[in-house]
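If you want the building blocks of each chain, they are given just below.
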Amino acid sequence: MHGAATAGHREDGVTGPAPTPPAALLSIRALRVDLRAEGELRRVIHDVTLDVAEGESVGLVGESGSGKSMTARAVARLLPEGAVTGGEIVFDGEPVLTLRGAALRRFRRGGIATIFQDPAAHINPVRTIGDHLTEGLRLVRGVDAREAERRAAAMLGEVGIAGGERRLRQHPHELSGGMLQRVMIASVLLDEPRLILADEPTTALDVTTQSEVMALLSELSRERRLAMLYITHDLELAAGVCDRTAVMYAGAVMEVQRSAALNDGPLNPYTAALLAARPRVDARSDRLEAIAGRPRSAFEAPEGCVFADRCPHVEDACVAERQELRPLAGGLVRCRRAEELRGRLGHA
Amino acid sequence: MTHAKTSFLRPAAACLAAALLAAAGCGGDDDGSNGANAADSAGYRVELTDQQPAATKPVDSITWALPYGEPVTIDPIQAGDYAPDFMVSQMCDFLLRFNPKWELEPGLAESWDQPDDRTLVFKIRKGVKFWDGRPMTVDDVVYSLKRNLDEDAGSLTAPYFANVESMEASGPSEVTVRFKQPDELFLKEMAAGPGAVVQRDFTEKAGSKIGTAQGGVMCTGPYEFESWKPGAEIKLAKNDDYWDPDLQPKIANVTVRFLSETTTLTSALVSGEVAGAYGIPATSIPALQRAGSGTLYYGPSTQQLGIYTARPEGLMADERVRKALSLAIDRQAIAEKAYSGAAIPNEAVVSNTREQEAKDVYAEGWKQLPSIDYDLDAAKKQLDGVTGLDKPIVIAAPAGDQATLDVATLVQNAGKQIGLNVKIQALQPLDLSNFYYKPEYRKGFDGVLSVSFSDHPDPLNFLPYVIPLDAYFNYSGWDSPKAVRAMDEGRRTLDADARAKLLLQAIQLEADDRVTIPLLGLANISFISNDIGGAPTSFAYLWMPDFAYMGGK
Amino acid sequence: MLTRLAGLLLTLLVASVVIYGALYLAPGDPSTLLAGNKATPRTLESIREQWHLDDPFYERYWAWLSGAVRGDLGESFTYKQSVGSLISDRIGTTTLLIAYAFALVLVGGVLLGIVGALRPRAGAGITAVSSVGIAVPSYVAAIVLITVFAVELGWFPVFGDGTGFLDRLWHLTLPAIALALAWNAYVAQLTKAAVHEESLRDHVATARSRGVAEGAIVRRHIVRNALIPITTVLGITIAGLVAGTVVIEQSFNLNGIGSLLVQATSSKDFALVQGISLLLVTIFVVVNVGVDLLNAALDPRLRTERRP
Ligand SMILES: Nc1ncnc2c1ncn2[C@@H]1O[C@H](COP(=O)(O)OP(=O)(O)O)[C@@H](O)[C@H]1O
Ligand SMILES: [Mg+2]
């Protein structure tokens, strides 16, 4: 179903030294994804390269449509039907994109769990909270029902939901969005993963709940030493939670740095623009008003540098050739003029 | 096997038209020579048969189909349509009996006598028992005859008794009927529903339930009423004690199934699931001709199709318009197209059955009737000077009867040829029955296309429904005292030839004015399984104990 | 439940007035049909008197209603038999026909729909076949089925309802197929759409990401959730099957409620039309309530209001 990975390893400039720790739990190399839309293939990811080490939390930041969710879905093997992939994803030493049948099921059982943006949609509305929480334990790990319920009730307590036993009998529509996201977190933790893919876990929640849930998630994952790929359009939020942050635009990773370094010294003009357009409390938006034009998806991005048509520093050469991700200053960057512009970028 | 071979006179032109349509049919039929051996089948393209060869093997059970649907009653005095008439005939004996040629034979009356022209004496058969074992008495006979007068009990047959002065037992097995004036019709009706004998006790006890599914009837006939599942079927069982040694029933059990859906009926006949049916819709002829399960029979019949004028006003109230439309219709073509040849052009308001007394008189009289030959020039000439021809002529037709509707369309086309705007409106049974009875339901209609039948070929049976000013089918206000006198005189005239002459006068007067537009005489169409023989196939079947004649081959 | 019962009674009362009134106002004097051909005016008059055909509307309706509340639905004047017994004699055939057809719809519609949604290659074929199924009117289906399976092959009878359970099933097979055909197709398409839609839900992806086996996902998340729209469709289907018996019973000459209604309506048989119509109204209301209850059982979101 998923197209055979055509591209092999891309050696150029990707396997540099730092900041990638040697034993990456998850390693994404030159990922490419084409989706079938209206009968034709459409590129939604054209070059994502990213590692997540054991116990590490990595932020993946970008505007809406840049391909963050598709990246996560590719990792979890949840791409829509008919998707064609290229490049490589390795989890715990095993290539993920080529898994099929029993191996795929085994892969899904172990190690990776996903927290989605909209918990109300991702929890079956007609089944009980208890069903949702214990489903993994009972159906995948063969834990008996009573034991599974006990663990589920206890886990509800850990994520801050009181009255666990009673909650197990309730249905999703009887809980608030924040509660549901806590339930989602609880269900993920019950499955004892090694990596959590958190795809905008708080975007759908109101501001106060947002920070509570975020705090809970990072605390619990840190406690359990879980690796996390944290997806958000909020650069600041990512920087606050994650060890390292990757910035994505039009289906490509533009820059990866330690969170603190990225904030202070962005290497890519796009990152700088993102920082400049940082959402204020009063006007929440995931679009970068500060940058002219609207964000591009991978399939509509320019031939050369994907950001060329919106970049304030664009030169003819930028438009002419595709850019590769290359190491610079302990991070990775995709920009022809990175060295030249270094230090001149930064927030306004 | 008795073939209906009757001498028959036809205008040569019509015969030619028939010959063009189908090579078979007009063979030896030139100019009214008697044609005893000619396969003329009375002008039909199809061969006419009035009864199958006898078959005498016992049969366990058969299912028979009733294409007219469920009878509204099985009470003889309330029977006034195909289905009830047929059912009554299987169960109840009449004083007299018709054979397939409508000749009178003894029934429950072993003989009858006319000591003078106002007296009829019936000698009632002894030793006849009702199904419940009780003997039939003259009291039952007199009671049954008098029931005909009881219109409050729903009797449809009272008019046949209009001339009766008294009906009394004149001996332990003799009934005498006295008339105010001689009445030829009465005697013939004694071989149909009005002559049925029911058990007095049973009938009185049943009260208003008589003849219903729950009430049933108690008669002496060859088949006993067993059960009636409303909406589905009536079950009959053979009467082991039937009085007639020559007509002992051979089929032990008969289920009569109401199958008014034409496609279902046809399929059931083709598959052999039902053993046969009378009154097959003409539209089923092609399918049944190919069927291997049985044979289609065409029999002589009194059924005829015509257009009756619906009201005294409107275009069709104009004699010239009626004559024009009549001449514009190619009857021979319609007989072929709508009835697959099982019909012939008809010249008068009654059918020319040619199975009757006074044959030669009728044959001569028929020749005098105005031409019905297809003649567009003559038709157009009729319309000279007629104004308001742009108004539509609305003709009602029965919705369920496809062959009639086909005819309606052909009539419509005929009208178009001479500039008449004929519109057809199909009416559901309820609307149609209202149409017949009530002038307010005929408003907006100019005519009605209708199939009618007589109990027997004597025009006396049908003329009273068209000739008098207040007759059932006389909606046009046609008033001909001369015709009424001739008809009445005919009814009083017991000599067949003299009567025929009188009735022909009435027929001629009606035809001269084209009060109705006669279209076709219709053959009786039956389909009978290969296993069954002996069945009557002429339209006389309607009042005959048909199942008693049938047997296994 | 009590309010529902009151609702049903009110519906029946209103329906009875409307139906009786409509029949009363409809043109046509049934006495002429009842009398047969060529009856005398006197005969017609006595029929009209006997059946109170000339009484004013409220008198006749009241007579009917006061009988009805005592459980006496009156007497059919075409059959001269009580409406109750006419209906009860036929209800078995019609019920069995509908149950049979419904079973076919469950198998042929729901199962095919599910398979079609989950197996895209089978799905295309099912869509094509069911489009044809929907387009074929039931009386045409009846003719084709009779011609092929009763007349040509002789496997099934052409008409009638049979006696004894197995014989009746045998007799009702072709009618049930003809009756179910269009609904089969309709239900298959809607089931397929519903299941397909449910299979794309995010919570299905959640379950999949957790490694739940595909069979369990289909059962617990896809089909389970699709049952809600399917139940609604099946409710409509039952109503449609009931209405469809009118045509099918005639085509196969079955002695059931549907053919009786046609018969009664065409002869303006007041009591009989009224009795059957109210039975049908009751069935529709009960099916509706059944669907509501079932949906509430299937979808917790519909029952919150009544939770403390
Ligand atoms: N099912 C799909 N079929 C085709 N295109 C899709 C589908 N889902 C998302 N896309 C497209 O893929 C691109 C990346 O989407 P996504 O990964 O959801 O972006 P993000 O999560 O960064 O907002 C967008 O251009 C979006 O329009
Ligand atoms: Mg997203």
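Residues numbered from 1 in each chain as written. Chains lettered and ligands numbered in written order. Predicted model: local features only at pLDDT ≥ 70, side-chain atom pairs only at ≥ 80, totals over all residues. Heavy atoms only, no water.

Visitor: Run through the interface of chain C and chain A, naming residues and quoting values.
Guide: Opposite the 23 residues of chain C that make contact, chain A presents 26 residues. Both sides of the chain C and chain A interface together cover about 2,300 Å² of buried area, and 52% of this is carbon and sulfur. By the criterion of area lost to chain A, the three top residues of chain C are Ser209, Arg210 and Arg220 of chain C, representing 32% of everything that side buries. Where chain C meets chain A, there are three salt bridges. One salt bridge connects arginine 220 of chain C with glutamate 135 of chain A, and the closest N-O pair in it is separated by 3.0 Å. Remark: the boundary between chain C and chain A carries eleven residue pairs in polar contact (both at pLDDT 80 or more). (Contact = heavy atoms within 4.5 Å. Buried area = accessible area lost by both parts, 1.4 Å probe. Salt bridge = Lys/Arg side-chain N within 4 Å of Asp/Glu carboxyl O. Polar contact = N/O pair within 3.5 Å; in protein donor to acceptor, adjacent residues only side chain to side chain.)

Visitor: Describe the packing of aromatic side chains, and please don't skip the residues or the numbers.
Guide: All names here are of chain B. Taken as a whole, this structure holds 42 aromatic pairs over all chains when the rule is applied. Both rings, one in tryptophan 64 and one in tyrosine 278, keep their centres 5.4 Å apart while their planes meet at 55°; by these two values the pair is tilted. Taken together, the residues tryptophan 64 in strand S3 (residues 59-66) and tyrosine 278 in strand S13 (residues 276-278) connect sequence positions 214 residues apart. For the pair tryptophan 64 and tyrosine 278, a shared accessibility class is recorded, and that class is buried. For the ring pair phenylalanine 86 and tyrosine 541, a centre distance of 5.9 Å and an interplane angle of 55° mean the geometry is tilted. Taken together, the residues span a long stretch of sequence, with phenylalanine 86 in helix H2 (residues 82-91) and tyrosine 541 in the loop between strand S22 (532-533) and helix H16 (546-549) at a distance of 455 residues. Of the two residues, phenylalanine 86 and tyrosine 541, neither departs from the other in class, the shared state being buried. (Phe/Tyr/Trp six-rings, centres within 6.5 Å; stacked < 30°, edge-to-face > 60°. Helix = DSSP H or I, 4+ residues; strand = E, 2+ residues; numbered from the N terminus. Buried < 20%, exposed > 50% of the residue type's maximum accessible area, 1.4 Å probe, protein only.)

Visitor: Kindly report on the side chain of histidine 46 of chain A, identifying the contributing residues and their values.
Guide: All names here are of chain A. Mapping histidine 46 onto the fold places it in strand S2 (residues 40-53). The buried category is assigned to histidine 46, whose relative accessible area is 9%. Once you skip the residues sitting within four places of it in the chain, histidine 46 turns out to touch Leu31, Arg32, Ala250, Gly251, Ala252, Ala298, Val306 and Arg322.

Visitor: Describe in detail the nonpolar core, supporting the description with residues and values.
Guide: In terms of nonpolar packing, the biggest core is built from 261 residues, with Trp64, Leu95, Phe122, Tyr339, Leu463 and Leu519 of chain B touching the most fellow members. The greatest single-element share of this core, amounting to twelve residues, is contributed by helix H10 (residues 214-251) of chain C. Counting 96 residues, the second-largest nonpolar core is a separate cluster that includes Leu79, Phe116, Val213 and Cys311 of chain A. (Core = buried A, V, L, I, M, F, W, Y, C linked by side-chain atoms within 4.5 Å.)

Visitor: Summarise the environment of proline 100 of chain B; cite the residues concerned and give the values.
Guide: Residues and elements named next belong to chain B. Along the chain, proline 100 turns up in the loop between strand S4 (96-98) and strand S5 (104-106). With 25 residues separating them along the chain, proline 100 and arginine 125 place their C-alpha atoms 22 Å apart. Once you skip the residues sitting within four places of it in the chain, proline 100 turns out to touch Asp50, Gln51, Ser538, Ala540 and Met544.

Visitor: Can you tell me about the state of the cysteines, naming the residues and giving the values?
Guide: Residue and element names in this part refer to chain B. Tallied over the entire structure, the rule returns one disulfide over all chains. With a sulfur-sulfur separation of 2.1 Å, cysteine 92 is cross-linked through a disulfide to cysteine 219. Its S-S torsion of about 65° marks the bond between cysteine 92 and cysteine 219 as right-handed, since a negative value means left-handed. Here cysteine 92 is found in the loop between H2 and S4, whereas its partner cysteine 219 is found in the loop between helix H5 (200-206) and strand S10 (223-229), with 127 residues between them in sequence. (Disulfide = S-S within 2.5 Å.)

Visitor: Tell me about the domain arrangement of chain C, residues and numbers included.
Guide: Residue and element names in this part refer to chain C. Domains assigned within chain C are domain 1 (2-83) and domain 2 (84-306). For domain 1 and domain 2, the distance between their C-alpha centroids amounts to 32 Å. Contacts between domain 1 and domain 2 engage 28 residues on the former and 26 residues on the latter. When the two sides are added together, the surface that domain 1 and domain 2 hide from each other amounts to roughly 2,400 Å², 68% of it contributed by carbon and sulfur. Per-residue buried area on domain 1 facing domain 2 is highest for Arg4, Leu23 and Val83; these three make up 28% of the total on that side. For the salt bridge of arginine 4 with aspartate 292, the shortest nitrogen-to-oxygen distance reads 3.4 Å. Summed over the shared surface of domain 1 and domain 2, the result is 15 residue pairs in polar contact (both at pLDDT 80 or more). Among the secondary structure elements, those contributing two or more residues to the side of domain 1 that touches domain 2 are helix H1 (2-25), helix H2 (30-35), helix H4 (57-69), strand S1 (75-76) and strand S2 (81-82). The dominant element in the side of domain 1 that touches domain 2, judged by the number of residues it contributes, is H1, at ten residues. (Domains from an automatic or database assignment.)

Visitor: An account of a nonpolar patch on the surface is requested, with residue identities and associated values reported.
Guide: Residue and element names in this part refer to chain C. On the surface, Tyr139, Val140, Ile143, Val144, Val148, Leu153, Trp155 and Val247 cluster together into a nonpolar patch covering about 670 Å² of accessible area. Among the elements that take part in the nonpolar patch, helix H7 (residues 138-152) stands out by supplying five residues, more than any other. Tracing the sequence through the fold places leucine 153 in the loop between H7 and helix H8 (165-199). (Patch = residues over 30% accessible without salt bridge, like charges linked within 9 Å, V, L, I, M, F, W, Y side chains within 5 Å. Areas by Shrake-Rupley, 256 points an atom, 1.4 Å probe, with all protein chains shown as cover.)

Visitor: Could you give an account of the sheet that holds strand S17 (residues 392-398) of chain B, with specific residues and numbers?
Guide: Residues and elements named next belong to chain B. Within the open sheet, the six strands sit side by side as S16-S20-S15-S19-S17-S18. Their pairing is mixed. The strands lining the two open edges of the sheet, one partner per strand, are strand S16 (343-345) and strand S18 (421-427). Adjacent strand axes in the sheet meet at a mean angle of 25°, parallel and antiparallel pairs treated alike. The sheet contact formed by S17 and S18 spans seven bridges and is parallel. When the sheet's bridge partners are listed, proline 392 is paired in S18 with asparagine 421. Sheet strands in contact with helix H8 (residues 319-328) are strand S15 (304-309), S17, S18 and strand S20 (516-522), and its direction is about 30° off that of S20. (Pairing = 2+ DSSP bridges. Axes fitted to C-alpha atoms, helices over the stretch in contact; angles between N-to-C directions.)

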